[in-house]
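# Per-entry structural report
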Amino acid sequence: MTTTALQSEEALLGRIRKQQLIESIDHMSPIYLEGMKRILTVSADTELISAPAYYHAAVHAPSLNAFGSAISIIQDELGHAHIAYRLLRDLGVDTEKLIFEREPLNFKYPYAFDIPLDSWVELIVANAFYDRAGYTLLGDVHQSTTFGPWKRALVKVDKEETFHLRHGEQGMRKLNQDNVGHESLQKAVDWMFLLTVEWFGLPDDLKKHGEQLEYGFKGHSNDELRQIWMSTAVPLCNELQLNVPAYYDETQKKYVVDCPFPAHFDAKAKHWLLEDGPCAWDDVMKRWKARGPMNEEFVGMVQRGKREMLRLLEQEA
Amino acid sequence: MTTATNASKRREALNETRVWHVYARRKYEEPLHEIGNVMADDVELAKVYARSIYDEFSWVEMVIIPRDCIVTVIES
């Protein structure tokens with residue numbers, strides 16, 4: 001653990017006001033450091049867990065080319081995870097412990113990745129929906145973050161996430177050319193759309209980490225980012241005549257979800273229990289905290305290699 | 001030496017500790033600029049990591065520099 005003396009909140013905010021980027025832990029205040037660790041951990045965990053989650057579906061690729069593209073996306077995601085964990089390590093975090101010794105329940109990625117992608121169609125929709133969410137969130141960080149090393153590192157991430165979501169869009173257009181493809185897309189969209197709407201977190205009036213905007217970790221609030229995501233995801237689904245429970249409301253000048261939301265989700269059946277009506281965000285938080293069906297398996301896939309290597313060394317000793 | 005110390009030493013041995021800054025450029029007319037960093041204890045592995053992680057462009061040049069060799073002249 002680092003023993004660097006941190007700056008006062010006043011000094012840090014003064015630096016931000018002068019539009020000087022925060023370059024290292026030496027420039028950070030306690031609140032900035034803790035907040036940055038929190039947002040970077042979510043980002044790193046999300047990129048990391050997308051690798052086993054996507055691999056689970058990539059094995060259903062219908063051609064060698066398709067398999068190659070999926071594996072290339074997975075490699076990109078691991079690169080993005082590497083960037084975020086490297087930044088965390090420079091902030092004094094023991095990332096080896098964080099990645100390889102943390103309980104699966106304590107990983108901080110979006111709940112959607114705990115639901116298995118069981119087919120090529122679901123992987124394609126994940127590229128179009130989930131990578132779009134990643135692109136929306138990290139594009140915002142890229143533009144607005146006050147942490148210089150992260151801002152610069154995101155040039156790579158931004159470029160590659162664009163490729164992933166285009167892969168999803170083109171894949172969806174291709175699958176949509178016949179009825180069977182259209183129906184399987186609709187089935188995937190039915191459970192994946194709302195999970196991605198949820199991805200952006202609690203609505204602004206319930207959110208607790210106010211420093212994310214004040215300290216310039218990101219530029220837009222959760223609800224604004226949700227709108228940005230819907231502003232391209234909904235038109236894509238409309239173009240493909242896929243039904244989604246959201247539309248642009250001319251009076252409110254924003255996208256609105258027109259089904260019970262937030263709602264209970266049957267993770268095993270991949271089915272929203274909309275007939276039960278909306279639930280409270282507290283119920284959603286409980287579901288997120290309990291994690292979903294693939295949490296242990298996916299984290300286990302990531303942690304297995306290091307455990308095996310340590311066991312080997314143990315035998316040699 | 002206790003078993004716990006042994007285990008922790010072995011764990012440490014698996015963790016790479018040297019940071020290498022990665023610089024690259026896409027065009028001959030542009031200067032090298034920092035694109036990220038990697039961790040590796042030896043230079044050959046550092047080269048492999050830099051190539052495989054920072055593959056977002058077709059670079060015309062890429063170099064790596066150990067962080068501990070960098071001398072700051074003007075601090076930001």
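Owing to the predicted nature of the structure, the values given are computational and were not obtained by experimental measurement.

### Let's talk about the overall build of chain B
- Helix and strand counts for chain B stand at 2 helices and 3 strands.
- Listed N to C, the secondary structure of chain B is α-β-β-α-β in terms of helices and strands.
- Per-residue burial for chain B yields a buried fraction of 30% across its 76 residues.
- Once local pairs closer than 6 in sequence are excluded, the contacts in chain B between residues at least 24 apart make up 48%.
- For chain B, the accessible surface area stands at approximately 5,100 Å², while carbon and sulfur atoms represent 54% of it.

### Comments concerning the nonpolar core
Residues and elements named next belong to chain A.
- Among the nonpolar cores identified, the biggest contains 109 residues, and Tyr-130 and Phe-193 are the most heavily contacted of them.
- Sorting elements by how many residues they give to this core places helix H2 (residues 30–58) first, with 13 residues.
- The residues contacting Phe-193, other than those within four sequence positions of it, are Phe-129, Trp-229, Met-230, Val-234, Val-244, Pro-245 and Ala-246.

### Quick look at the sheet that holds strand S3 (residues 61–66) of chain B
- The strand order across the open sheet formed by 3 strands is S2-S1-S3 (chain B), and the pairing between neighbours is antiparallel. Two strands bound the open sheet, and with one partner strand each, they are strand S2 (33–39) and S3 of chain B. Recorded for the sheet is a direction-independent mean angle of 30 degrees between the axes of neighbouring strands.
- Each of strand S1 (19–25) and S2 of chain B touches helix H3 (residues 64–90) of chain A; the most contacted strand, S2(B), lies at about 80 degrees to it.
- Contacts from helix H2 (residues 43–53) of chain B reach S1, S2 and S3 of chain B within the one sheet, and its direction differs from that of S3(B) by about 135 degrees.

### Quick word on the packing of aromatic side chains
All names here are of chain A.
- Tallied over the full model, the rule gives 17 aromatic pairs over all chains.
- A ring pair is formed by Phe-113 and Tyr-130, whose centres lie 5.4 Å apart and whose planes are at 85 degrees; its orientation type is edge-to-face. Of the two residues, Phe-113 sits in the loop between helix H4 (95–100) and helix H5 (120–144) while Tyr-130 sits in helix H5, which places them 17 residues apart along the sequence. Side by side, Phe-113 and Tyr-130 carry an identical accessibility label, which is buried.
- Ring centres 5.9 Å apart and planes at 75 degrees place the aromatic pair Phe-129 and Phe-193 in the edge-to-face group. Separated by 64 residues along the polypeptide, Phe-129 in helix H5 and Phe-193 in helix H7 (residues 179–199) bring together distant segments of the chain.

### Thoughts on the environment of Pro110(A)
All names here are of chain A.
- Following the sequence through the fold, Pro-110 ends up in the loop between H4 and H5.
- It is 24 Å that separates the C-alpha atoms of Pro-110 and Glu-275, two residues lying 165 residues apart in sequence.
- The contact partners of Pro-110, leaving out residues within four places of it in the chain, are Thr-46, Trp-199 and Arg-291.

### Re the interface of chain B and chain A
- On the chain A side, the residues contacting the 18 residues of chain B number 22 residues.
- Across the interface of chain B and chain A, roughly 1,900 Å² is buried in total on both sides, 52% from carbon and sulfur atoms.
- Connecting chain B to chain A are 3 salt bridges.
- Note that Lys156(A) and Glu56(B) form a salt bridge whose closest N and O atoms lie 3.2 Å from each other.
- Viewed at the interface, chain A and chain B are joined by 8 residue pairs in polar contact (both at pLDDT 80 or more).
- Among the elements of the structure, helix H1 (3–14), S2 and H2 of chain B are those that each provide at least two residues to the side of chain B that touches chain A.
- In terms of residue class, the side of chain B that touches chain A is made up of 7 nonpolar, 5 polar and 6 charged.

What counts, and where the lines are drawn
- Counting from 1, residues in each chain are numbered in the order their sequence is written.
- Following the order in which they are written, the chains are lettered starting with A and the ligands numbered starting with 1.
- Local features in this predicted model are restricted to residues of pLDDT 70 or higher, and side-chain atom pairs are both shown and tallied only at a pLDDT of 80 or more, whereas totals for entire chains, interfaces and linings draw on every residue.
- Based on all heavy atoms of the structure, the side-chain values leave hydrogens and waters out of the count.
- Under the DSSP-based scheme used, a helix requires at least four consecutive residues in state H or I and a strand at least two consecutive residues in state E, with every element numbered from the N terminus.
- Relative accessibility thresholds used throughout: buried, under 20% of the residue-type maximum; exposed, over 50%; partly exposed, between the two (1.4 Å probe, protein chains only).
- Whether two residues are in contact is decided by their heavy atoms: any pair within 4.5 Å suffices.
- All accessible areas in this document rest on Shrake-Rupley with a 1.4 Å probe, and a residue is counted as covered only by the protein chains that are shown.
- Definition of nonpolar core: a set of buried residues of the types Ala, Val, Leu, Ile, Met, Phe, Trp, Tyr and Cys, connected through side-chain atoms within 4.5 Å.
- Between any two strands, at least two bridges found by DSSP are needed for them to pair.
- Interaxial angle, 0 to 180 degrees, is taken between N-to-C directions of lines fitted to C-alpha atoms, where a helix line uses only the stretch in contact.
- Any Phe, Tyr or Trp ring, taking Trp's six-membered ring, that has another such ring centre within 6.5 Å forms a pair; planes under 30 degrees apart are called stacked, those over 60 apart edge-to-face, and the others tilted.
- Buried area is calculated as the accessible area (1.4 Å probe) missing from two parts once they are joined, with the contributions of both summed.
- Each salt bridge in this description consists of a side-chain nitrogen of Lys or Arg and a carboxyl oxygen of Asp or Glu lying within 4 Å of one another.
- Identification of polar contacts relies on pairs of N or O atoms within 3.5 Å, with a donor-acceptor requirement for protein atoms, meaning one able to donate a hydrogen and the other able to accept it, and with residues adjacent in sequence counted only if both atoms are side-chain atoms.
- When residues are sorted by character, Ala, Val, Leu, Ile, Met, Phe, Trp, Tyr, Cys and Pro go into the nonpolar class, Asp, Glu, Lys and Arg into the charged class, and all the rest, Gly among them, into the polar class.

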